[in-house]
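Below, each chain spelled out in residue letters.
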Amino acid sequence: MTQNSKVSRRQILSAHQTGQKIRRIAFEIYEQNFEEKGIIIAGIAGEGFAFAKRLVAELTEISPLDAQLIELRFDKNIHQQSPILFDRELNVENQVVIVADDVLNTGRTLAFALEPFLKVPMKKVQVAVIVDRSHHKFPIHADYVGYSLSTTLTEHVEVVLSRAEEEGVYLK
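Residues numbered from 1 in each chain as written. Predicted model: local features only at pLDDT ≥ 70, side-chain atom pairs only at ≥ 80, totals over all residues. Heavy atoms only, no water.

1. Focus: the nonpolar core
Okay, step 1: Among the nonpolar cores identified, the biggest contains 31 residues, and Ile-39, Ile-41, Phe-51 and Leu-55 are the most heavily contacted of them.
Okay, step 2: Of all elements in the fold, only strand S1 (10-13), helix H2 (15-32), strand S2 (38-44), helix H3 (47-62), strand S5 (96-104), strand S6 (124-132), strand S8 (157-160) and strand S9 (168-171) reach the threshold of two or more residues within this core.
Okay, step 3: No other element matches H3, which puts 7 residues into this core.
Okay, step 4: Once you skip the residues sitting within four places of it in the chain, Phe-51 turns out to touch Ile-22, Ile-25, Ala-100, Asp-101, Ala-128, Val-129, Ile-130 and Leu-161.
Okay, step 5: Core analysis: the next-biggest nonpolar cluster, separate from the first, contains 20 residues, Ile-44, Ala-113, Val-129 and Val-145 among them. (Core = buried A, V, L, I, M, F, W, Y, C linked by side-chain atoms within 4.5 Å. Buried < 20%, exposed > 50% of the residue type's maximum accessible area, 1.4 Å probe, protein only. Helix = DSSP H or I, 4+ residues; strand = E, 2+ residues; numbered from the N terminus. Contact = heavy atoms within 4.5 Å.)

See below:
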């Protein structure tokens, strides 16, 4: 990372605060799904998957839920639906699935990510995000939100979970 990119961003949540948000979301997930034997946490590749890994670790620590982790991989930068790939085979039929991503902005990425789960019978599909920017263009609502942040359309929110030395939430 260059010196200019560090200067041009402002930290909104520290690593500690981000960790607290993730732990609170894990407790909320457990509260809403305590009758289940297990759930699937499907993280969107990148920081969304890093968030999903942290959720699974927290859920394992605080609950008896069998939390399975899968990674959803697809090209978020193209404007039409790209194929959604799972990192491993996992039966999702009649399961509770929580789709996890770092930031909910327009909802397009999460709308695409829900596609494979809408093709099979599901018990419940929910969405968890660390930051909700509320610039929704798609009918996507996050069931679990760490932090709601009002921003302009030109601002960018960056969540860093995969680099320990920079962990936190930043506004650019």
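What follows picks up the thread again.
2. Structural notes on the layout of surface pockets
Okay, step 1: Considered as a void within the structure, the largest pocket measures approximately 560 Å³ in volume.
Okay, step 2: Along its surface, the largest pocket is lined by 21 residues, and Asp-102, Val-103, Asn-105, Thr-109 and His-156 are the ones closest to its centre.
Okay, step 3: Elements with a minimum of two residues in the lining of the largest pocket: S5, helix H4 (108-114) and S8.
Okay, step 4: Looking at the lining of the largest pocket, its residues break down into 6 nonpolar, 6 polar and 9 charged. (1 Å grid on protein atoms, 1.4 Å probe; cavity = no way out; pocket = protein on both sides within 12 Å on 5 of 7 lines; lining within 4 Å. Points joined across faces, edges and corners; volume = space filled by probe spheres on them. Nonpolar A, V, L, I, M, F, W, Y, C, P; charged D, E, K, R; others polar.)

3. Side note on the side chain of Thr-18
Okay, step 1: Its place among the elements puts Thr-18 in helix H2.
Okay, step 2: Its relative accessible area of 0% is what places Thr-18 among the buried residues.
Okay, step 3: Those residues in contact with Thr-18 that lie beyond four places of it in its chain are Leu-13, Leu-161, Gly-168 and Val-169.

4. A closer look at the side chain of Glu-58
Okay, step 1: Here Glu-58 is to be found in helix H3.
Okay, step 2: Residue class for Glu-58 comes out buried when judged on its relative accessible area of 16%.
Okay, step 3: Beyond its immediate chain neighbours, meaning those up to four positions away, Glu-58 contacts Ile-22, Arg-23 and Ala-26.

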